[in-house]
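Now for the letters of each chain:
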Amino acid sequence: MNTSLYEWPDISLSPKKIHLYTSPHAGEVDFSPLNTPDARQASIDMVSLADLLRNGFVYPPHTIYSDVKNIATGFSALPGVEDEPRFHFAYQSTRATSRPASGAVSDETLLRRYHQLLTHAVVQCTADMKAPWLLQSGGKDSSSLAIAIADTRPDTTCITYLGGKEENEVDSARFVASHLGLRHETLVCDPGRAYDRYLAIAPRMPLLTADFATLSYADLATEIGLEHGDGIIDALGIDPYVGVPLHLKDYVLGWLARSARIPGSLYLHPLIRRSFKLCFALSTLQMNTFERYFPGSRFSDSEVDRLLGQKLSVHSRKRIRMFQDDIDAADSAEAVRRIVLIVMEAAGFAKGMYTAKAAGLRLAYPYCDMPLCEWFFNEVPDDRLIGLGGMNKVLIRRHIAQRFHQLPYVQSKGSFRFDVLGLASRRFEQVHAFALQARSLLPGASKWLEDHRHCLGNKFFASKFYLLAVTLPWLLARLDQKANT
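Values in this document were obtained by computation on a predicted structure and should not be read as measured data.

Undergrad: Which parts of the structure should I look at to understand the layout of surface pockets?
TA: The rolling of a water-molecule-sized probe over the atoms marks out the regions of remaining empty space. For the second largest pocket, the calculated volume is near 610 Å³. Gly-27, Glu-28, Val-29, Leu-363 and Ala-364 are the residues nearest the centre of the second largest pocket, which is lined by 30 residues in total. Residue classes in the lining of the second largest pocket are distributed as 17 nonpolar, 7 polar and 6 charged.

Put into structure tokens, the structure is as follows:
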């Protein structure tokens, strides 16, 4: 017997708080409550600003605004109740009691049902799109999704973002699209162009995230609009339901995360400031295990306090308590990782939701279709989810193998990277000017930029520059809008 573990909460607009329901499992987000006069006068939540600088996103259920709460996946809220929303993620593997044993169901049956569910999800979530574009990263999820799209929306254009020199998926992505009969385009990262495009849409972005693919997404969304596309198909969403095996590097980083205090001056030592690996290791020592799972190099707690001119990092760190009951109940590191992925919806999905809204595009997440998620959770044997040696997404790999063989992304996956070094090199003066204008909110930002200008050839410091480059203009746009209302 299958178990549906989701009960969708109602959206409530209380006299004091706006509750936005932002789970990608429920379709398009309604941001209209943010257009009310009270919402337009909402104040910036300074602890949320600390979240952004420490982790690249705001911890749900909070948002960048003090009186706007984010009812994301795993959260529940009762209409009219002023208490904070409660978190519990029910899709942990130990609760999947209905999964069949290995060998009880054939691959043929599983693959046929998976393809049916995925194609149905594509049809449902793209029904209002006339010219959809698939973000084809070259990974397993987007490749499997492309197969379903070819059968249902062959008018879709695939686009692959070449964000950095480390990436090698473009040729494979192009081959997959061509073989499936789908048009394929490539957008090569130009950090100056991407930043200009972000600055153009930032005033229309309803909320703020500083995810490390935000500028890539703004670049892609603008390009899609210019090419007369009206919708984006994103392959995010299935990981928490199929499992996320950890590897040696994950365990080592978790062991290194000790919440230590390290003097900031140590990073400026000539032997350290030039080494990304040394800087990354030192920053890991200052984090806790849970937050080390979040990607990227971010500001330390002491740096955040200096940037904001007040001690707020401790309050940001305390927001982990919202998830502590689930963390304590997790029976493995892999179970904790599922919680991390759900928390990070506030970054991964937010960048798409906010950017698509600003660009006037529709947005679809076929993998967030709940019948598909629940089928994976309840009816797919464990060894088709995570295989021997920690191989992830076994069934999805086999779905791809029905059409393709020996493709690079089946063994390893890249990501939408961004040229943070190029951004720091080309836009330092512009971001520094933003920092001077935003001194009321980030009084220490201009000094950090001045003190670290000579370090920005290291990705560790350039990633922190990226956080300021994304955050500052959005804040300035909101200050201007508030002053004019």
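Undergrad: Which parts of the structure should I look at to understand the packing of aromatic side chains?
TA: We describe a pair of aromatic rings using the distance from one ring centre to the other and the angle between the two ring planes. According to the stated counting rule, one finds 27 aromatic pairs in the structure shown. Arranged with centres 5.8 Å apart and planes meeting at 65°, the rings of Phe-418 and Tyr-466 form a pair that is edge-to-face. Highlighted residues: Phe-418 in the loop between helix H20 (408-411) and helix H21 (420-437) and Tyr-466 in helix H23 (residues 459-483), separated in sequence by 48 residues. On the accessibility criterion, Tyr-466 (0% relative accessible area) is buried. Chaining the aromatic ring pairs together yields one cluster made of Phe-57, Tyr-59, Phe-75, Phe-87, Phe-290, Phe-294 and Phe-323. Just above the ring of Phe-377 sits the side chain of Arg-99; from NZ or CZ to the centre is 5.2 Å. We note Lys-464 situated over the ring of Tyr-267; from NZ or CZ to the ring centre the distance is 5.5 Å.

Undergrad: Help me understand the packing of H21 against H23, please; the structure alone is not making it clear to me.
TA: For any two helices packed against each other, the geometry is given by the interaxial angle and the distance between the axes. Relative to each other, H21 and H23 sit at 40°, their axes nearing to 9 Å. Classified by the angle their axes make, H21 and H23 are oblique. Judged by the sense of rotation from one axis to the other, the crossing of H21 with H23 is left-handed. Where H21 abuts H23, its residues Val-420, Leu-421, Leu-423, Ala-424, Arg-427, Phe-428, Val-431, Phe-434, Ala-435 and Gln-437 lie against Lys-459, Ala-462, Ser-463, Phe-465, Tyr-466, Leu-468, Ala-469, Leu-472, Pro-473 and Leu-476. A breakdown of the residues in the contact of H21 with H23 according to their chemical character gives 16 nonpolar, 2 polar and 2 charged.

Quick notes on the rules
Residues numbered from 1 in each chain as written. Predicted model: local features only at pLDDT ≥ 70, side-chain atom pairs only at ≥ 80, totals over all residues. Heavy atoms only, no water. 1 Å grid on protein atoms, 1.4 Å probe; cavity = no way out; pocket = protein on both sides within 12 Å on 5 of 7 lines; lining within 4 Å. Points joined across faces, edges and corners; volume = space filled by probe spheres on them. Nonpolar A, V, L, I, M, F, W, Y, C, P; charged D, E, K, R; others polar. Phe/Tyr/Trp six-rings, centres within 6.5 Å; stacked < 30°, edge-to-face > 60°. Helix = DSSP H or I, 4+ residues; strand = E, 2+ residues; numbered from the N terminus. Buried < 20%, exposed > 50% of the residue type's maximum accessible area, 1.4 Å probe, protein only. Lys NZ or Arg CZ within 6 Å of the ring centre and 35° of its normal. Axes fitted to C-alpha atoms, helices over the stretch in contact; angles between N-to-C directions. Parallel < 35°, antiparallel > 145°, perpendicular 65-115°, else oblique. Left-handed = near helix turned anticlockwise from the far one by under 90°. Contact = heavy atoms within 4.5 Å.

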